[in-house]
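What follows is the residue order along each chain.
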Amino acid sequence: MATLEIRDLHVTVEAENATKEILKGVDLTVKQGETHAIMGPNGSGKSTLAYSLAGHPKYTITGGTVTLDGEDVLEMSVDERARAGLFLAMQYPVEVPGVSVSNFLRTSATAIRGEAPKLRTWVKEVKEAMQRLNIDPSFAERNVNEGFSGGEKKRHEILQLELLKPKVAVLDETDSGLDVDALRVVSEGVNRVRETGEVGTLLITHYTRILRYIKPDHVHVFSGGRIVESGGAELADKLENEGYEAYAKHDGVDTKGGASA
Amino acid sequence: MAEAQNSPTLGSARAGGPPPVGSTTAGSIAVAAESTVATRMSAPPSFDVADFPVPHGREEEWRFTPLERLRGLHDGTAVAGGNGLKVEVQAPEGVTVEAVGRDDARLGKAGVPVDRVAAQAYSAFEKASVVTVPKETVLTEPIRIAVHGEGGTAFGHQVIELGAFAEAIVVIDHTGDAVLAANVDYLLGDGAKLTVVSVQDWDDKAVHVAQHNALVGRDASFKSVVVTFGGDVVRLHPRVRYAGPGGEAELFGLYLTDAGQHQEHRLLVDHNVPHCKSNVVYKGALQGDDAHAVWIGDVLIEAKAEGTDTYEMNRNLVLTDGARVDSVPNLEIETGEIVGAGHASATGRFDDEQLFYLMARGIPEQEARRLVVRGFFAELVQQIGLPDIEERLIAKIEEELEAAVA
């Protein structure tokens, strides 16, 4: 069973003439089949955790370990991490000019699976996955994320999640900027992947709204660069009612947004 | 830091403003009282080099060009010699190939030199080469012209003439090392169809400055494919005029500008007769320090050119820091009685975030870069309509990328 283990992770980022520590000792274990929600106010370091796991060059790991099935993730390049089974659904998916969605998906699937998928079954696989996410077939010929609306970008991320079948999926604020209909479609996509029981999901969110559609097994409150409280789904209800104020003492972070939506 | 910019043109009236980086302007129209395309040149067209002052670099037509790297082509100090230039013409049966003198009536019929280097080429060449496809001759095999340099300096003049309703494909390959100034004339008779593929695959030190003049006959169609990979400085100036209504011109260009290279493509389509079409699509990718690509797209619709349909587009993809693009579309319209006129220019960057996104989906770095560049050029390459040329171009692009990325 695939297991992602994060131990005492410390991460810094370079900001105007200063090095700033964002993650201050994160401990978390995500097993295949489990869904963990990480909730926290803006600026608490949630996204830094997501990007650090994926290997974004902006972030420097200064301490701790991350392993996937015992393999040292931090030693791997970005593409190696993806091929090892890590997937990051990004909050702000990047436009890639000149590369069509269909070409991108196939190149990616070929890299992840280690061989080019058979064309006939692949076309069908993509078409069906797109249908389930209400993605218009014309998307296949558009350039990756170019001119996509916010909701289209998120559905495109979940399309990749469904096709690439990672061991551990990190969803970085996939719910932000979505209206209720789009949120439902995206959540259904995530649930389909979860129901296979083959993926561990780390759902990073500011709001409790998405947890009505995607039921977590574990909820963690993130504040000041670390997990400050962990519990079951009931912890999300507490956050919905009380917001993040109770955790503000850990750091001078913005708690005004609140957890409910 | 990379600089990718669109620069403004001079002149009293022109279409659209300089678009910002990464943006697109399309379809904007201005009506010019007087052609700024013509008036912003520093001297009127002439066959005589003495009619042009030596450029100092601030002239509108020279302001992007590194004159100090032209090896004297612009100031009269370049002298033909060294190992010269080897030109081989491979023509199918029915085609005539002649070497003629400056007095031949066909020379200069398609266009007159508009700048000092083109006039220098005209004043200094020894023999011009004239390739003629007789009227109503439809070639099934391309005419191949191999231009190969081994370090010499040369001035050239090439004429390709198609009689009425003749059809031909011409592939001109430039390889090796040379300092070359040339004029190339394309004369298309009524209803003729000519496709010319000019490949600049020079060695790193080569300097190549050329003016291409096409005169498109009534109902004739001209397709130009300019492909520039190599050279230290390549500066090409394809120009199109029409000899009668119903003419069509498609000008496609593809360039891959590496570290230190200056590749400049200046185009002019002069809609001087009614009911003609033109379509210009140039795309370039740049990588490496001081890679510099310049694209000037001038389209002039003269007052008498009613029923004109024209579009021009330039796209640039900046792959690394340190490269620079100047892209200047310029559309001048002297009549409102046209079918359509538009232009677009956009310069985008392949940046670290794009690379991260592709790699985060398991795609290795080199493959990610290739994916982006291939995709960028694919659409243009498919428009060329010559399968063997398309394959060769794709193979060449791959090869260039391999060399640069490795």
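Residues numbered from 1 in each chain as written. Chains lettered and ligands numbered in written order. Predicted model: local features only at pLDDT ≥ 70, side-chain atom pairs only at ≥ 80, totals over all residues.

1. Structural notes on the sheet that holds strand β9 (residues 218-223) of chain A
Residues and elements named next belong to chain A. This is how it is decided: Pairing between two strands requires that DSSP report at least two bridges joining them. A run of H or I in DSSP becomes a helix once it reaches four residues, and a run of E becomes a strand once it reaches two; helices and strands are each numbered from the N terminus. Every axis in this analysis is a line fitted to C-alpha atoms, fitted for helices over the stretch in contact. Angles between the N-to-C directions lie between 0 and 180 degrees.
Spatial strand order, β6-β7-β8-β3-β9-β10: six strands in an open sheet with mixed pairing. Bordering the open sheet on either side are β6 (86-89) and β10 (226-231), each of which pairs with just one other strand. With direction set aside, neighbouring strand axes in the sheet form an average angle of 20°. Pairing geometry for β9 and β10, over five bridges, is antiparallel.

2. Considering the domain arrangement of chain B
Many analyses report the size of an interface as the accessible area lost when the parts associate. All names here are of chain B. This is how the line gets drawn: All domain edges in this entry derive from an automatic or database-based domain assignment. It is the C-beta atoms, placed from the backbone, that decide contacts: two residues are in contact if theirs lie within 7 Å. Classification used: nonpolar for Ala, Val, Leu, Ile, Met, Phe, Trp, Tyr, Cys and Pro, charged for Asp, Glu, Lys and Arg, polar for all others including Gly.
Per the domain assignment, the segments of chain B are domain 1 (3-349) and domain 2 (354-406). Each of domain 1 and domain 2 has a C-alpha centre, and the two are 25 Å apart. On the domain 2 side, the residues contacting the 17 residues of domain 1 number 14 residues. Listed by contribution, the elements that provide at least two residues to the side of domain 1 that touches domain 2 are β7 (193-202), β9 (221-228), β11 (248-257) and β13 (277-286). In the side of domain 1 that touches domain 2, the residues fall into 12 nonpolar, three polar and two charged.

3. A closer look at helix α1 (residues 46-54) of chain A
All names here are of chain A. Put simply, the rule is: Three exposure classes are used, based on other C-beta atoms lying within 10 Å of a residue's own C-beta, which is placed from the backbone: buried for 20 or more, exposed for 12 or fewer, and partly exposed in between.
Extensive coverage of α1 is indicated by the burial of nine of its nine residues. Taken together, the buried positions of α1 are occupied by Lys46, Ser47, Thr48, Leu49, Ala50, Tyr51, Ser52, Leu53 and Ala54. Directly after α1, the chain includes Gly55, whose backbone phi takes a positive value near 95°.

4. Let's talk about the pairing of strand β2 (residues 18-31) of chain A
Residues and elements named next belong to chain A. Two strands pair when backbone bridges link them, and strand β1 (residues 3-15) and β2 are joined in this way by 11 bridges, in the antiparallel orientation. Among the inter-strand pairings, Glu5 is bridged to a residue of β2, identified as Thr29. Hairpin geometry of β1 and β2 is characterised by an intervening segment of two residues between the two adjacent antiparallel strands and by a positive phi of about 60° at Asn17.

5. Comments concerning the interface of chain A and chain B
Between chain A and chain B, the contact holds 21 residues from the first and 19 residues from the second. The element that contributes the greatest number of residues to the side of chain A that touches chain B is helix α3 (residues 101-113) of chain A, accounting for five residues. When grouped by side-chain class, the residues that make up the side of chain A that touches chain B number 12 nonpolar, seven polar and two charged.

6. Notes on helix α4 (residues 365-383) of chain B
Residues and elements named next belong to chain B. Stated precisely, the cut-off is as follows: The length a helix should cover is 1.5 Å for every residue beyond the first. The angle between axes fitted to the seven-residue stretch ending at a residue and the seven-residue stretch beginning at it gives the bend at that residue.
The end-to-end C-alpha separation of α4 is 29 Å, in line with the 27 Å expected for 19 residues at 1.5 Å each. By the largest-angle criterion, Phe377 marks the main kink of α4, which is about 35°. Listed in full, the buried residues belonging to α4 are Ala368, Arg369, Leu371, Val372, Val373, Phe376, Phe377 and Val381.

7. Let's talk about the packing of α3(A) against helix α5 (residues 150-164) of chain A
All names here are of chain A. Using the following cut-off: Two helices that cross are described as forming a left-handed crossing if the nearer one is turned anticlockwise from the farther one by less than a right angle, and a right-handed crossing if clockwise.
Running from N to C, α3 and α5 cross one another at 35°; their axes reach a closest spacing of 10 Å. With respect to the hand of their crossing, α3 and α5 are arranged in right-handed fashion. Contacts between α3 and α5 involve Leu105, Ser108, Ala109 and Ile112 on the former and, on the latter, Gln160, Leu163 and Leu164. Looking at the contact of α3 with α5 residue by residue, the class counts come to five nonpolar, two polar and no charged.

8. What about the sheet that holds strand β4 (residues 59-68) of chain A?
All names here are of chain A. Ordered in space as β2-β1-β4-β5, the four strands form an open sheet in which the pairing is antiparallel. With partners counted over all chains shown, the strands left at the sheet margins are β2 and β5 (71-72), one partner each. Direction of pairing for β4 relative to β5: antiparallel, over a ladder of two bridges. Bridged to Leu68 within β5 is Glu71.

9. Describing the packing of helix α3 (residues 352-359) of chain B against α4(B)
Residues and elements named next belong to chain B. Test applied: An angle below 35 degrees is read as roughly parallel, one above 145 as roughly antiparallel, one from 65 to 115 as roughly perpendicular, and any other as oblique.
Between α3 and α4, the shortest axis-to-axis distance is 9 Å and the interhelical angle comes to 115°. Comparing their axes, α4 and α3 come out roughly perpendicular. Pair α3 / α4 crosses with right-handed handedness. Seen from α3, the contacting residues are Leu355, Leu358 and Met359; seen from α4, they are Glu365, Ala368 and Leu371. Of the residues that constitute the contact of α3 with α4, the class distribution is five nonpolar, no polar and one charged.

10. Focus on the confidence of the model for chain B
As a reminder, the rule being used: Scored from 0 to 100, pLDDT records how confident the predictor is in each individual residue.
The predicted model of chain B averages 88 in pLDDT, with 90% of residues at 70 or higher. Scored as a complex, the prediction yields pTM 0.77 and ipTM 0.94.

11. Thoughts on the pairing of β11(B)
Regular strands have side chains that alternate between both faces of the sheet. Residue and element names in this part refer to chain B. With eight of its 10 residues buried, β11 lies for the most part within the structure. Relative to β11, β9 runs parallel, the two being bridged by eight bridges. Looking at β11, one finds that Ser224 is bridged to Leu251. As defined by bridge partners, β11 adjoins β13 across 10 bridges and the pair is classed as parallel. Bridge pairing in β13 links Glu250 to Asn279.

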